[in-house]
Amino acid sequence: MPAAFGFPEAILFGASLLVFVMQAGFCALEAGVVRSKNAIHVAVKNLLDLFVSVGIFWGFGLGIAYGATCGGLFGEPVLMPNDWDGPGGLSFVFYQLAFCGAAATIVSGAVTERIQTRAYLVLTMVLAAVIYPVAAHWAWAGDASGPAGWLGRIGFIDYSGSTIIHGLGAWCALAVLLQLGPRRGRYEAGGVESTTGGNLIFSALGVLVLWFGWFGFNAGNAFLTPELIPKIVINTLLAPVAGGGVVVLWQTLSGRVFRVREIMTATVGSLVAVTASCHLLEPRAACVIGIVGAALAIIAAYALERMRIDDPLDAVAAHGVAGVWGTLGLCLLVPADALTMTRWEQLGVQSLGVLSVFAFSFCTMSAATAAWRAWRPLRVPAHAEIQGLNIAEHGARSEFWDLVTRARGAATCR
Amino acid sequence: MPAAFGFPEAILFGASLLVFVMQAGFCALEAGVVRSKNAIHVAVKNLLDLFVSVGIFWGFGLGIAYGATCGGLFGEPVLMPNDWDGPGGLSFVFYQLAFCGAAATIVSGAVTERIQTRAYLVLTMVLAAVIYPVAAHWAWAGDASGPAGWLGRIGFIDYSGSTIIHGLGAWCALAVLLQLGPRRGRYEAGGVESTTGGNLIFSALGVLVLWFGWFGFNAGNAFLTPELIPKIVINTLLAPVAGGGVVVLWQTLSGRVFRVREIMTATVGSLVAVTASCHLLEPRAACVIGIVGAALAIIAAYALERMRIDDPLDAVAAHGVAGVWGTLGLCLLVPADALTMTRWEQLGVQSLGVLSVFAFSFCTMSAATAAWRAWRPLRVPAHAEIQGLNIAEHGARSEFWDLVTRARGAATCR
Amino acid sequence: MPAAFGFPEAILFGASLLVFVMQAGFCALEAGVVRSKNAIHVAVKNLLDLFVSVGIFWGFGLGIAYGATCGGLFGEPVLMPNDWDGPGGLSFVFYQLAFCGAAATIVSGAVTERIQTRAYLVLTMVLAAVIYPVAAHWAWAGDASGPAGWLGRIGFIDYSGSTIIHGLGAWCALAVLLQLGPRRGRYEAGGVESTTGGNLIFSALGVLVLWFGWFGFNAGNAFLTPELIPKIVINTLLAPVAGGGVVVLWQTLSGRVFRVREIMTATVGSLVAVTASCHLLEPRAACVIGIVGAALAIIAAYALERMRIDDPLDAVAAHGVAGVWGTLGLCLLVPADALTMTRWEQLGVQSLGVLSVFAFSFCTMSAATAAWRAWRPLRVPAHAEIQGLNIAEHGARSEFWDLVTRARGAATCR
């Protein structure tokens with residue numbers, strides 16, 4: 001009964017571990033960017049959404065994603081599988097559980113500092129039970145005899161999920177954001193500034209850890225074609241090097257300060273962009289994908305700011321916009337012989353994939369959010385947002401906050 | 001002379017690295033929970049106990065654990081081995097050195113914020129030279145021809161050490177705790193609160209890193225039976241997902257805040273509980289083991305608090321109590337055909353193992369602690385505890401502390 | 001066209017990932033040691049130098065290092081290679097890119113808290129384009145038919161770069177340091193103290209992560225001779241255990257406080273020292289290499305302090321001086337049959353290697369620094385150094401700094 005464990009499974013296992021460690025990367029990145037009164041909340045929320053997303057996906061979503069297909073639209077549910085019959089066996093399940101955790105955690109950063117923990121966890125359940133599994137089925141379900149989902153069958157290319165993971169996470173985040181509204185005071189004079197983080201050291205470390213994990217995120221799918229791995233890892237290294245490098249060059253030449261948020265958004269955007277086609281691109285083309293992905297992510301982040309959509313982690317810009325570019329841009333940049341159709345036909349297929357995943361994930365998450373709001377509040381009360389979620393949601397004080405509170409109290413007494 | 005390095009050794013190497021990185025996880029977890037005046041001390045102590053435990057175990061303990069057996073009780077000492085003759089060779093030694101480091105570091109969290117560094121390091125030596133090696137010999141010594149230790153011979157099951165590592169570490173911690181006493185002011189009004197950590201972001205990251213390392217901790221023993229690895233890793237993922245998930249559900253339904261310490265203790269408790277039988281359990285049964293382990297760890301933590309046993313990291317609850325559950329509960333939850341005896345007989349064997357390891361480790365560490373106290377103080381002086389161990393033991397000031405001290409000085413001057 | 005991916009490439013891939021994660025280790029180590037007003041700057045700088053060093057080395061330096069040799073002095077440039085023809089193929093390129101990133105980041109710590117980011121990035125380019133590639137060519141270029149560089153041909157032994165990476169990084173750091181000068185107020189009463197770090201928890205974690213990565217740093221070169229790996233990893237574990245352990249013993253016996261900086265410098269120094277000969281040493285000899293390396297690193301750190309060379313991270317002491325010891329000391333400590341010449345002849349070869357790498361790297365970097373200074377300032381202006389580089393170079397405020405600034409403002413107003 002136990003599955004075999006040879007070289008392919010060892011690759012899956014190593015890759016899954018790297019995807020797992022991305023949870024620590026996201027956790028550090030987010031906890032460093034938010035104000036410290038919310039930082040403990042954010043860090044703990046990353047543990048909670050891991051419990052929920054992995055638990056729900058194993059318990060229910062896995063069958064929807066990879067069970068026997070129902071017309072290419074979704075798979076048959078398999079409840080809490082003890083074993084798994086398919087390439088990679090339980091090792092593949094481990095990889096997929098880690099993948100789903102990554103998709104779920106993208107939402108976390110965008111809605112941070114004002115969402116109710118309970119609401120967030122319920123929305124994560126919807127993502128892990130329905131939204132991610134269905135989209136994964138469309139693009140990735142199938143076996144040695146060929147793809148089973150409708151997107152896979154028409155030739156949609158999204159190797160490790162520029163659209164299926166990152167785009168989907170971003171559109172879910174956007175759906176919640178639009179109903180949630182910006183952080184209190186975000187767009188008023190003297191309000192929350194976008195550039196002050198509680199502790200950006202955590203964020204810089206988080207970006208490095210994310211990048212570290214991304215090598216497994218992209219390489220794991222090659223467990224049956226390991227000869228692709230060297231190219232995949234080089235591309236996963238060079239795309240953000242090029243994307244981040246060009247941003248730093250632009251900051252230098254334009255005499256700007258080296259704004260931390262731009263650098264982080266550029267790095268993540270480059271990584272997201274290269275994810276769809278890391279197995280096909282030549283390294284130089286991966287640099288181009290990375291540079292454009294970084295630029296678009298930064299432009300989109302500023303555009304969202306102008307539109308007063310408050311996304312503290314730039315999740316929509318870096319995962320969504322750069323994900324669209326990665327999924328479409330590959331039509332232009334992969335070698336012609338890597339495609340089974342013309343570049344224009346491929347662009348049509350890719351666009352269809354991007355649009356259908358957007359429509360499905362955005363609409364489903366919007367409906368779920370609206371349903372929750374009809375029942376319970378989505379936001380924490382105003383006083384909790386002012387006090388900070390560390391205390392309001394976790395009863396967790398920090399010494400720094402204690403000091404500030406006492407100092408304020410002392411000042412008032414005088 | 002150099003050992004071969006093939007697939008089994010590569011598994012051992014990867015697993016050992018993951019166990020090594022658990023040191024960083026423990027370090028972050030502890031440093032985040034303690035008050036910041038002790039945080040640097042705690043972080044550095046984790047480096048020091050790594051030097052001491054690995055050095056002593058390599059220099060002396062390894063032979064006691066895995067040398068030729070003396071009646072099933074302990075092995076023949078081998079001083080500072082340059083090479084190792086046995087399955088896995090030097091790669092196995094690397095794995096075992098990392099294991100011993102993990103056992104030693106469990107004690108660290110419980111006794112933190114008031115123990116003398118010198119005393120702690122000497123007690124760590126006792127653990128690494130005698131306590132862990134003897135217990136490891138009992139359960140794990142042996143070769144292809146069968147187990148050599150007396151516990152192994154009677155059929156004791158403890159795959160990666162719910163009892164031999166985690167239980168043992170916890171009982172050693174308890175032995176020291178009882179003689180050390182609680183932190184100053186811990187059980188007085190206005191004293192140390194259990195829920196205030198200096199920086200719980202570190203702790204949340206630490207839990208994620210610990211979990212990440214635990215995959216190697218549990219999987220490394222399968223280096224000669226890699227077909228077990230998929231099941232082991234799935235169980236190591238799902239047990240804390242279930243355990244943590246149920247705790248979060250309980251917190252939600254009961255309207256409590258999401259208390260960080262409960263979540264962390266539950267996660268670690270689930271991981272400890274699944275460690276003994278991760279190679280035998282079906283995934284659903286692993287969830288049950290995890291849920292009960294998490295619940296018992298939280299209950300035990302509150303019970304110890306009531307008994308005024310001050311364990312800042314819940315080491316005794318999460319590693320000890322959950323470890324007992326993991327070691328005994330497997331009799332109930334593994335498939336019947338995985339046992340070589342009836343469930344009741346297995347329960348007898350498991351209980352004997354738990355009790356004998358408890359008696360041996362608790363008594364030996366109590367005696368060692370008493371011996372040290374007869375010679376030198378175990379606790380830091382009161383003024384050092386008030387000032388914080390960063391300065392008292394390391395001369396290390398932090399800017400935050402400087403600010404507070406100066407502010408206090410300024411207030412006094414007026 | 002895609003390279004094969006078998007066991008050797010998997011080793012290279014795993015090792016490269018570990019080297020990559022050393023970036024996170026260096027980042028945390030440095031960010032914790034500096035004053036918090038510069039900590040964000042330091043963390044981000046580690047991302048920037050990764051972009052620059054990897055980008056430049058891939059774009060230009062790789063051919064200089066491993067292209068067809070021009071008289072053993074340097075290789076033929078290969079611009080932005082899409083593929084690589086040689087043992088390990090693209091996987092070897094990935095490993096080398098990570099290596100170059102490590103060499104570059106050593107400089108970062110020494111010059112921190114006062115260098116212009118722009119100047120630093122340009123100097124990093126020189127390191128990645130010329131200095132590291134040429135030295136790597138001398139010692140490591142070649143193929144199955146034998147070494148190609150002049151140092152390799154005469155029998156120079158430096159397995160993973162005690163001299164070629166760590167020494168070289170340290171000498172480049174020294175060259176910049178001498179023209180840069182100490183931090184403002186460093187050698188005045190009441191100025192910057194060497195022992196106050198903004199947040200030494202990060203530093204302790206950083207040391208653990210560095211050590212974790214070092215296993216891959218040392219083991220990756222054995223991808224075609226994996227039977228060496230068990231010995232390499234044991235030595236990489238035991239050298240710092242012995243070196244750090246002896247320092248702690250000395251601190252204990254002499255009644256000193258456990259000074260954090262000494263412990264960290266000793267750990268890194270031991271790791272640097274064992275790097276040159278980790279594949280040849282018996283474990284006991286590795287302990288000796290580690291102990292002497294740790295001692296020399298600490299002595300050198302205090303000596304540099306006396307000479308008023310302000311190196312906040314002890315990079316010159318731990319990477320340079322310990323690197324010299326590691327490169328020379330192996331003549332004494334490796335088994336005689338591991339050498340192809342007498343110990344005295346080997347010492348001559350090793351000394352020649354150490355001196356020539358020192359001369360080349362120190363002179364080239366001194367010239368580059370002088371050239372920059374002739375054009376633009378090397379240091380940030382005095383007001384930026386006082387204000388902190390977080391704000392001056394990144395516009396990044398932290399809440400702690402905000403609080404202090406406001407408190408100061410309030411005090412002035414009264």
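Just so it is clear, the model here is predicted, and its values are computed rather than measured.

Conventions and cut-offs
- Residues numbered from 1 in each chain as written.
- Chains lettered and ligands numbered in written order.
- Predicted model: local features only at pLDDT ≥ 70, side-chain atom pairs only at ≥ 80, totals over all residues.
- Heavy atoms only, no water.
- Helix = DSSP H or I, 4+ residues; strand = E, 2+ residues; numbered from the N terminus.
- Rg over C-alpha atoms; globule rule 2.2 N^0.38 Å.
- Buried < 20%, exposed > 50% of the residue type's maximum accessible area, 1.4 Å probe, protein only.
- Contact = heavy atoms within 4.5 Å.
- Areas by Shrake-Rupley, 256 points an atom, 1.4 Å probe, with all protein chains shown as cover.
- Lys, Arg positive; Asp, Glu negative; His and termini not counted.
- Charge placed at Lys NZ, Arg CZ, Asp CG, Glu CD.
- Patch = residues over 30% accessible without salt bridge, like charges linked within 9 Å, V, L, I, M, F, W, Y side chains within 5 Å.
- Salt bridge = Lys/Arg side-chain N within 4 Å of Asp/Glu carboxyl O.
- Buried area = accessible area lost by both parts, 1.4 Å probe.
- Polar contact = N/O pair within 3.5 Å; in protein donor to acceptor, adjacent residues only side chain to side chain.
- Least-squares fit on C-alpha atoms with pLDDT ≥ 70 in both.
- Axes fitted to C-alpha atoms, helices over the stretch in contact; angles between N-to-C directions.
- Parallel < 35°, antiparallel > 145°, perpendicular 65-115°, else oblique.
- Left-handed = near helix turned anticlockwise from the far one by under 90°.
- Nonpolar A, V, L, I, M, F, W, Y, C, P; charged D, E, K, R; others polar.
- Core = buried A, V, L, I, M, F, W, Y, C linked by side-chain atoms within 4.5 Å.
- pLDDT = per-residue confidence, 0-100.
- Expected span 1.5 Å × (residues − 1).
- Bend = angle between axes of the 7 residues up to and from the residue.
- Phe/Tyr/Trp six-rings, centres within 6.5 Å; stacked < 30°, edge-to-face > 60°.
- Lys NZ or Arg CZ within 6 Å of the ring centre and 35° of its normal.

### Some remarks on the overall build of chain A
Item 1. Within chain A one finds 15 helices and 4 strands.
Item 2. Over its C-alpha trace chain A gives a radius of gyration of 21 Å, about what one expects of a compact globule, namely 22 Å for 414 residues.
Item 3. The dimensions of chain A, computed from C-alpha atoms along their principal axes, are 80 × 55 × 35 Å.
Item 4. Split into buried and exposed, the 414 residues of chain A put 67% on the buried side.
Item 5. The long-range fraction of contacts in chain A, counting pairs at least 24 apart against all pairs at least 6 apart in sequence, stands at 78%.
Item 6. Here chain A has roughly 12800 Å² of accessible surface; of this, 67% comes from carbon and sulfur atoms.
Item 7. Computing the positive centroid from 24 side-chain charges and the negative centroid from 24, chain A places the two 14 Å apart.

### Considerations on a nonpolar patch on the surface
Item 1. Together, Phe60, Leu79 and Met80 of chain A give the surface a local cluster of nonpolar side chains, amounting to about 280 Å² of exposed area.
Item 2. For Leu79 of chain A, the location among the structural elements is in the loop between β2 (74–75) and α3 (89–110).

### Focus on unusual backbone geometry
Item 1. The backbone of Glu113 of chain A sits at a positive phi, close to 80°, despite the residue not being glycine.
Item 2. Glu113 of chain A gets classed as buried once you look at its relative accessible area, which sits at 0%.
Item 3. A positive phi angle, near 40°, is found at Met80 of chain C, a position not held by glycine.

### Structural notes on the interface of chain C and chain B
Item 1. Contacts between the two partners involve 54 residues from chain C, matched on the other side by 52 residues from chain B.
Item 2. Contact between chain C and chain B buries roughly 4500 Å² in total, counting both sides, with carbon and sulfur atoms accounting for 78%.
Item 3. Considering only the surface of chain C that becomes buried against chain B, Ile201, Leu208 and Phe258 of chain C emerge as the three largest contributors, covering 14% of it.
Item 4. Connecting chain C to chain B are 6 residue pairs in polar contact (both at pLDDT 80 or more).
Item 5. Taken together, the elements giving at least two residues each to the side of chain C that touches chain B come down to α1 (7–33), α7 (200–219), α8 (229–253), α9 (260–275), α10 (283–306) and α15 (399–413) of chain C.

### As for the relation of the copies chain C and chain B
Item 1. Aligned on chain B, chain C shows an RMSD of 0.0 Å; the corresponding rotation is 120° and the shift along the axis is 0.0 Å. The relationship between the two copies is best expressed as a three-fold rotation axis.
Item 2. Looking at the interface residues of chain C, only 9% of them are also at the interface in chain B, so each copy uses its own face.

### A few points about the pattern of salt bridges
Any two side chains of opposite charge can pair, so long as their charged atoms come close to each other.
Item 1. For the coordinates displayed, the defined rule picks out 27 salt bridges over all chains.
Item 2. Between Arg261 of chain A and Asp314 of chain A there is a salt bridge; the shortest N-O distance is 2.5 Å. Highlighted residues: Arg261 of chain A in helix α9 (residues 260–275) and Asp314 of chain A in the loop between α10 (283–306) and α11 (315–333), separated in sequence by 53 residues. Note on accessibility: Arg261 of chain A and Asp314 of chain A belong to one class, buried.
Item 3. Arg183 of chain B is paired through a salt bridge with Asp310 of chain B; the nearest N and O atoms lie 2.9 Å apart. With Arg183 of chain B in the loop between α6 (162–180) and α7 (200–219) and Asp310 of chain B in the loop between α10 (283–306) and α11 (315–333), this residue pair connects regions lying 127 residues apart in the sequence.
Item 4. We classify Arg183 of chain B as buried; its relative accessible area is 6%.
Item 5. Taking relative accessible area as the criterion, Asp310 of chain B reaches 3% and is therefore assigned buried.
Item 6. Each of Arg35, Glu113, Arg183, Arg186, Glu305 and Asp310 of chain A takes part in one network of salt bridges that share partners.

### Digging into the packing of helix α2 (residues 36–66) of chain C against helix α4 (residues 117–140) of chain C
The packing of two helices is summarised by the inter-axis angle and the distance between the axes.
Residue and element names in this part refer to chain C.
Item 1. Between α2 and α4, whose axes approach to 8 Å, the crossing angle comes to 40°. By the angle class used here, α2 and α4 are oblique. As for how α2 packs across α4, the hand of that crossing is right-handed.
Item 2. Within the contact of α2 with α4, the residues separate by chemical class into 18 nonpolar, 6 polar and 2 charged.

### Some details on the relation of the copies chain A and chain C
Item 1. The two copies are related by a screw motion: chain A maps onto chain C through a turn of 120° and a shift of 0.0 Å along the axis, at an RMSD of 0.0 Å.
Item 2. Here only 9% of the contact residues of chain A are again contact residues in chain C; the copies associate through non-equivalent surfaces.

### Some details on the interface of chain A and chain C
The figure often quoted for interface size is the accessible area lost as the parts come together.
Item 1. With 54 residues of chain A at the interface, the matching set in chain C holds 52 residues.
Item 2. Summing both sides of the interface, chain A and chain C together bury roughly 4500 Å²; the carbon and sulfur share of this comes to 78%.
Item 3. Sorting the residues of chain A by area buried against chain C places Ile201, Leu208 and Phe258 of chain A first, and these three jointly supply 14% of that buried surface.
Item 4. Taken together, the connections running from chain A to chain C amount to 0 salt bridges.
Item 5. Linking chain A with chain C are 6 residue pairs in polar contact (both at pLDDT 80 or more), by the criterion used here.
Item 6. Within the side of chain A that touches chain C, the residues separate by chemical class into 33 nonpolar, 12 polar and 9 charged.

### Focus on the nonpolar core
Item 1. If you look at the biggest cluster of nonpolar residues, it comprises 418 residues, and the most contacted ones within it are Tyr132 and Trp211 of chain A, Tyr132 and Trp211 of chain B together with Tyr132 and Trp211 of chain C.
Item 2. Every residue in contact with Trp211 of chain C, bar those within four places of it in the chain, is listed here: Phe20, Leu47, Leu50 and Phe51 of chain B together with Thr236, Leu237, Pro240, Val241, Thr267 and Leu271 of chain C.
Item 3. If you look at the next biggest cluster of nonpolar residues, it comprises 16 residues, including Ala276, Ala285, Trp325 and Leu339 of chain B.

### Some details on the environment of Ala65 of chain C
Residue and element names in this part refer to chain C.
Item 1. Turning to its location among the elements, Ala65 is positioned in helix α2.
Item 2. Remark: the alpha-carbon pair of Ala65 and Arg118, spanning 53 residues in sequence, is separated by 26 Å.
Item 3. Leave out the neighbours within four places in its chain, and Ala65 touches Phe57, Pro133, Ala136, His137 and Ala141.

### Quick look at the confidence of the model for chain A
Item 1. Summarising the model, chain A shows a mean pLDDT of 91, and 93% of its residues fall at 70 or more.
Item 2. Predicted confidence in chain A is weakest over helix α15 (residues 399–413) of chain A, with a mean pLDDT of 58, and strongest over helix α12 (residues 343–375) of chain A, with 98.

### Digging into the packing of helix α7 (residues 200–219) of chain A against α1 of chain C
Item 1. At a closest axis distance of 9 Å, the pairing of α7 of chain A and α1 of chain C adopts a crossing angle of 175°. For the element pair α7 of chain A / α1 of chain C, the angle class is roughly antiparallel. On the side of α7 of chain A, the interface is formed by Ile201, Leu205, Leu208, Trp211, Phe212, Phe215 and Ala219 of chain A, while α1 of chain C contributes Phe13, Leu17, Phe20, Val21, Gln23, Ala24, Cys27, Ala28 and Ala31 of chain C.
Item 2. Taken together, the residues of the contact of α7 of chain A with α1 of chain C sort by class into 15 nonpolar, 1 polar and no charged.

### A look at α11 of chain A
All names here are of chain A.
Item 1. For α11, with 19 residues, the first-to-last C-alpha span of 25 Å sits near the 27 Å given by 1.5 Å per residue.
Item 2. The largest bend along α11 measures about 30° and falls at Thr327.
Item 3. Among the 19 residues that make up α11, 14 are buried, leaving the element largely enclosed by the rest of the structure.

### Some words on the packing of aromatic side chains
Item 1. If you walk through the whole model with that rule in mind, you get 60 aromatic pairs over all chains.
Item 2. Ring plane angle 85° and centroid distance 5.1 Å describe the contact between Trp171 of chain B and Phe358 of chain B, whose orientation is recorded as edge-to-face. Of this pair, Trp171 of chain B sits in helix α6 while Phe358 of chain B sits in helix α12 (residues 343–375), placing them 187 residues apart in sequence.
Item 3. Taking the centre distance of 5.5 Å and the plane angle of 90° together, the rings of Trp372 of chain C and Trp375 of chain C count as edge-to-face. Within this pair, Trp372 of chain C and its partner Trp375 of chain C are both found in helix α12 (residues 343–375), separated by 3 residues, close to a single helical turn.
Item 4. On the basis of relative accessible area, Trp372 of chain C is assigned to the buried category, the value being 10%.
Item 5. Joined through ring pairs, the aromatic side chains of Phe5, Phe13, Phe20, Phe51 and Phe94 of chain A together with Phe7, Trp211 and Phe215 of chain B make up one cluster.
Item 6. The ring of Tyr120 of chain A is capped by Lys45 of chain A, whose NZ or CZ atom sits 4.8 Å from the centre of that ring.
Item 7. One Lys or Arg, Arg376 of chain C, reaches over the ring of Trp375 of chain C and ends 4.4 Å from the middle of that ring.

### Description of the side chain of Ser277 of chain C
Item 1. Looking at the secondary structure, you find Ser277 of chain C in the loop between α9 and α10.
Item 2. Residues contacting Ser277 of chain C, with those up to four places away along its chain left out, are Ile289, Leu330 and Val334 of chain C.

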